[in-house]
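One-letter residues, chain by chain:
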Amino acid sequence: MLFGDSPAPGLVGIAKLAAQSEVLEAKRVVRYFEMESRSLLNRTRPGMPFEWSLNPYRGCEFGCQYCYARYTHEFMELRDSVDFEDMIYAKSAIGPILRRELKQMGTGKAIAIGTATDPYQPAERRFHRTRQALEVFAQHRGLGLSITTKSDLITRDISLLQEIAKRNSVSVNITITTLDASLARLLEPRAPRPELRLKAVQAIAEAGIPVGVFPNPIMPLITDQPERLDRLAKASRDHGASYFGGGVLFLMPCSRKVFFPFVEKHFPHLLRRYRENYENEAYLKGPYREIIRDRIAAIRERYGLSSGPPRREIAAGDDTQGVLFGI
Ligand code: SF4
């Protein structure tokens, strides 16, 4: 019998109450697909701090309200904003394709993992596509890898990261927009709680892997207050982060479709200002970005944090072929 239908005759007490209950909300269904890919590594635009990016998944179950990557589903003619969160594509044949591409690429290249979707989103628990990529990197040398995630699932792969770090440079960027768990729940409904992310920072730092925290995107009048950012930087430092960054929210048309209704619902007093500033522009104009840049720089100085992972020179003659990395 379905909830909300007439209860079966003979039910009494809690069984009868349960049978009569109205459906408040049906559980969302996430569908996972195997996606054939011809290539995995994407060349980035000139001027980026890394030359290549790698995203083992398309779509992201974390469903952050500000996510800029929703456009990647639009390429597949999936234009409903929930499709990005509920239709997750896991790329196939990670090992063979990546091995082939790395062979063609050679050493000394910087590769960023997780630029468009989170490599440790829930799908990774079952499909291991990010881990499969790391296993390939562990057999290579002379690469500069950075991984960006909001998930403490990355701690599962710490020993693999240590193995990679023997012959390559590797660093981890953990995104924490706020320490306020209720605000994080609103902004990033299905991502791990901020305190779990901080614990991941600690575990990664204790394993000797350079790790930093990024409060990205910094959302005007929502997460940008100096005391919030200060508290986050201090907690990051206390958990072993060595660097701290920060970039201001930008809203592509695909993100506005989700973010404006979110602001209207939860921060109605800010809606007019968000509309004025982002209606026709993805990036904020005016001095705000400089104010935030200076704010972050001052906070970094206060807690002895740098702006990025340490540059690591690998001595000539060792098996990393003397390559200088700094992502
Ligand atoms: S974790 Fe990143 S990719 Fe995933 S929904 Fe959030 S912002 Fe988008």
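Worth saying up front: this structure is predicted, and the values here are computed from it rather than measured. (Residues numbered from 1 in each chain as written. Predicted model: local features only at pLDDT ≥ 70, side-chain atom pairs only at ≥ 80, totals over all residues. Heavy atoms only, no water.)

1. Considerations on the side chain of Glu 85
Spelled out, the test is: Numbering goes from the N terminus for both helices and strands, where a helix is a DSSP run of H or I of at least four residues and a strand is a run of E of at least two. For every residue, the accessible area (1.4 Å probe, protein chains only) is compared with the maximum for its type, and the residue is labelled buried under 20%, exposed over 50%, or partly exposed between those bounds. What makes two residues a contact is simply this: any of their non-hydrogen atoms within 4.5 Å.
By secondary structure assignment, the location of Glu 85 is in helix α3 (residues 81-86). Look at Glu 85 and you get buried, because its relative accessible area is 11%. Setting aside its immediate chain neighbours within four residues, Glu 85 contacts Arg 28, Val 30, Cys 60, Glu 61, Gly 63, Arg 70 and Arg 190.

2. Digging into the site of the ligand
Note the threshold: Think of it this way: one heavy atom of a residue within 4 Å of a molecule or strand is enough to make that residue near it. Nonpolar residues are Ala, Val, Leu, Ile, Met, Phe, Trp, Tyr, Cys and Pro. Charged residues are Asp, Glu, Lys and Arg, and all others, Gly as well, are polar.
Neighbouring the ligand are the residues Cys 60, Phe 62, Gly 63, Cys 64, Tyr 66, Cys 67, Ala 116, Thr 117, Asp 118 and Lys 150. A per-class count over the shell around the ligand returns six nonpolar, two polar and two charged.

3. Things to note about the pattern of salt bridges
Filter applied, for reference: Any Lys or Arg side-chain nitrogen found within 4 Å of a carboxyl oxygen on Asp or Glu counts as a salt bridge.
For the structure shown, the criterion picks out 20 salt bridges. Where Arg 129 meets Glu 34, a salt bridge forms, and the shortest distance between an N and an O atom there is 2.8 Å. You can see Arg 129 sitting in helix α6 (residues 129-137) and its partner Glu 34 sitting in strand β1 (residues 31-35), a full 95 residues away along the chain. A relative accessible area of 53% means that Glu 34 is categorised as exposed. It is possible to trace a salt-bridge network through shared partners that takes in Glu 124, Arg 131, Glu 135, Arg 156 and Asp 157.

4. Concerning the nonpolar core
The condition that has to hold: Nine residue types can take part in a nonpolar core, namely buried Ala, Val, Leu, Ile, Met, Phe, Trp, Tyr and Cys, and a core is a set of them joined through side-chain atoms within 4.5 Å.
By size, the foremost hydrophobic cluster in this structure holds 76 residues, and its most contacted members are Ile 111, Phe 137, Phe 259 and Tyr 274. In contact with Tyr 274, not counting residues within four places along its chain, are Met 219, Pro 220, Ile 222, Leu 249, Phe 259, Phe 260, Val 263 and Glu 279.

5. Things to note about the side chain of Thr 117
Under the convention used in this document: Polar contact is the term for a pair of N or O atoms within 3.5 Å; when the atoms are in protein, one must be able to donate a hydrogen and the other to accept it, and sequence-neighboring residues count only if both atoms are side-chain atoms.
Take Thr 117: it is sitting in the loop between β6 (110-113) and α5 (123-127). Taking relative accessible area as the criterion, Thr 117 reaches 5% and is therefore assigned buried. Side-chain polar atoms of Thr 117 contact the backbone oxygen of Tyr 57, separated by 2.8 Å. Beyond its immediate chain neighbours, meaning those up to four positions away, Thr 117 contacts Asn 55, Tyr 57, Arg 58, Gly 59, Cys 60 and Phe 84.

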